Amino acid sequence: MKKYEFLEHTADVKFIAYGKDLRKLMINSAKALKKVIYNKRVKKREEKKIKIKGKDLENMVYLFLEEFLFLLDGKNFLFSKIKEIEVDEKNFSIKATILGDSSKRYDIQSDVKAITYNEMYVRKEGKLWISQVVLDV
Amino acid sequence: MPKNVYEIPPKKDMKVPGRIYASKKIFDKIKKDKTIEQIENVAKLDGIIGASFAMPDAHQGYGFCIGGVAAFDLEKGIVSPGGVGYDINCSVRLLKTNLTISDLEPLKEKIADALQKRIPSGVGRGSPFQLSRKKLDLILEKGAKYLVDEGYGTKEDYLNIEEEGQMKGANPSLVSERAKKRGIGQMGTLGAGNHFLDLLVVDEIFDEKVADKFGLEKNQIVILIHCGSRGLGHQIASDYIKKMEEEYGIKNLPDRELVNAPIKSKLGKEYLSAMACAANFAFANKQIITYWVRDELKKYFPDVKVDVVYEVCHNIAKIEEYKINGKKKKVCVHRKGATRSFGKGRKEIPKKYREVGQPVLIPGSMGTPSYVMVGTKKAEKISFGSSVHGAGREMSRSQSGKRSSKDVEKELKKKGITIRAGTKQSLSNENPQAYKDIEEVVDVVHDLGLSLKVAKLSPVIVIIG
């Protein structure tokens, strides 16, 4: 099964991520974001914790992905992989432990300025969870 | 309709028409993505005055289109972070030098290396310009002026910036900790994407009198710097989008990115104040870069003089006064990927330019010419004093990114341009074919009178983020 795919957008980057449940959907959405920022391997030298609480599904995805931008700009931390993740579907909250490395060691390919709500949706189609996200680059 | 003006009549909830300034060719391109839908959505917002405008470099954005301009009534109208953009005050500064192309030509490879080394570009690399939290707050409040007072430039520098490099009403306590943390390590950095520092040569003068006022002459070397408020501005936009959602909801919006607050509400005022902080960060960012450019050029040309011609804001909301239906009225103009273009006489223009109009700076895409234009009285009548901000994309980054960076490098080298890129991906993504034809955009702008041609600049050294 496809984890994510990129769609056409004149100015920005648009992707759709898939997952058999919300947990997997969050992991694959983060993978799509990482692919845009840096599409090669990142070493797992450091560990960071993420904790967010959203208001609805879209807001939860927005806040979750925004954490990675904050870590990159604010802490020079480039993420490699999600080690552990818990998604509370009722409260729209996520707790995760992520692995990565100092961003200064890498030739990062693009500056994702923000996650946007433009054309964003998170929904279940049949048995599959789908998220669509436009990134401001 | 006059030539090169396209009108979308109001339908459904649209409170005003949409108005697009474009040639037939550009309009046909604009029709291909969601630009028109976005222009219509903006026309539905409360308190919009006149029309929902798109400049000739317009393309699809989020919420507002890029190249979108809209003015709102201060009593009944709204302010929308999506109408300003995430990169608040992404802006362009033009420096002039006393060097000519024959001075630069023999040294251009060395100077390109030196500038690339000195001015941090790319992502996640931080800046050598370290700031304390206290100083960051002072920068958010006082912008480029603060850095000049600290010795990083001259008074003439900030006097020749929009808002004199210090947007009023900035209150750092309205900027989140998170935004400050994202910005503090990024002062004096270009970033990536379409941000750049170019050395160009004045190739052609269209208006001798105005060029003389701006201090520009043929064969002179000038410098364009394009960057914004970095992670700080991006986070301020995200923060206030969330706050406005909580306060006012999103149910009645055609697009969640158009979330807004009444201008006169507490939250609306707070956003404008936080936005001013980001604007000041962006002015200061270019002040540090200017300081480094001067320092590096001095190593090669001890008698070099580098002066600020002007700096224009691209992504911003401004309270400005216009004559509407014969009456003077203050409105809040959103410019998202658009430049202010005031004609002569306006008090907002630096004194030395007031009798001709403000400089309007239009960077071309990588490797193509850039233009200096002058603002007009006509723009004040037909576009709330606005003009274009560049060539405008027409290809998505996933399309343009397919072109190899080596191929792009070769094309630029052939034109005699020295190129340095912080990220290889930027070379592909920003390749000239990804953009509209700058000459065509500028000609449409000139013919419509949104701004008028003064000088054409051709790139010699291109440093991209």
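Structural data are supplied above this passage.
Per chain, the residues get numbers from 1 upward, laid out in the order the sequence is written. Written order decides the labels, with chains lettered from A and ligands numbered from 1. The predicted origin of the model limits local features to residues at a pLDDT of at least 70 and limits the giving and counting of side-chain atom pairs to 80 or more, whereas totals for whole chains, interfaces and linings rest on all residues. Computation of side-chain values covers all heavy atoms of the structure but excludes hydrogens and water.

**Student:** I'm lost on the overall build of chain A in this one. Help?
**Tutor:** Helices and strands together make up the secondary structure of chain A, namely 2 helices and 7 strands. We take the radius of gyration over the C-alpha atoms and set the globule estimate at 2.2 Å times the residue count to the 0.38 power. In summary, chain A has a C-alpha radius of gyration of 14 Å against a globular reference of 14 Å for 137 residues, a match within 12%. Along the longest, intermediate and shortest principal axes, the C-alpha atoms of chain A span 40 × 35 × 30 Å. The 137 residues of chain A split such that 63% are buried. Here a strand is any run of E in DSSP of at least two residues, a helix any run of H or I of at least four, and the numbering for each starts at the N terminus. With a 1.4 Å probe rolled over the protein chains alone, any residue whose accessible area is under 20% of its type maximum counts as buried; one over 50% counts as exposed, and the rest are partly exposed.

**Student:** Teacher, can you tell me more about the interface of chain A and chain B here?
**Tutor:** Accessible area lost on assembly of the parts is the figure often given for the size of an interface. For this analysis, residues touch if any pair of their heavy atoms sits within 4.5 Å. Counting residues at the interface gives 37 residues for chain A, matched by 44 residues for chain B. Summed over both partners, the accessible area (1.4 Å probe) lost when two parts come together is defined as the buried area. Here chain A packs against chain B, burying approximately 3400 Å² in sum over the two surfaces, 47% of which is carbon and sulfur. Three residues, T10, K113 and Y117 of chain A, lead the burial of chain A against chain B; their summed loss comes to 21% of the area buried on that side. Any carboxyl oxygen of Asp or Glu within 4 Å of a side-chain nitrogen of Lys or Arg constitutes a salt bridge here. Joining chain A to chain B, the criterion identifies 10 salt bridges. A salt bridge links R125 of chain B to D107 of chain A; the shortest N-O distance between them is 2.9 Å. Under the rule applied, a polar contact is a pair of N or O atoms within 3.5 Å (in protein, one hydrogen donor and one hydrogen acceptor; residues adjacent in sequence only if both atoms are side-chain atoms). Remark: the boundary between chain A and chain B carries 23 residue pairs in polar contact (both at pLDDT 80 or more). Elements with a contribution of two residues or more to the side of chain A that touches chain B: α2 (57-75) and β6 (114-125) of chain A. A per-element tally of the side of chain A that touches chain B places α2 of chain A first, with 11 residues.

**Student:** It is not clear to me how the state of the cysteines should be interpreted in this structure. Could you clarify?
**Tutor:** A covalent bond between the sulfur atoms of two cysteines is referred to as a disulfide. All names here are of chain B. For the purposes of this analysis, a disulfide is any pair of cysteine sulfur atoms at a distance within 2.5 Å. On inspection of all chains with the given rule, the structure shows 0 disulfides over all chains. Between C277, a cysteine without a disulfide, and C313, which holds the nearest cysteine sulfur, the sulfur-to-sulfur distance is 14 Å. Not engaged in a disulfide, the cysteine C313 finds its nearest cysteine sulfur in C90; these two sulfurs lie 10 Å apart. C313 sits in the buried class, given a relative accessible area of 1%.

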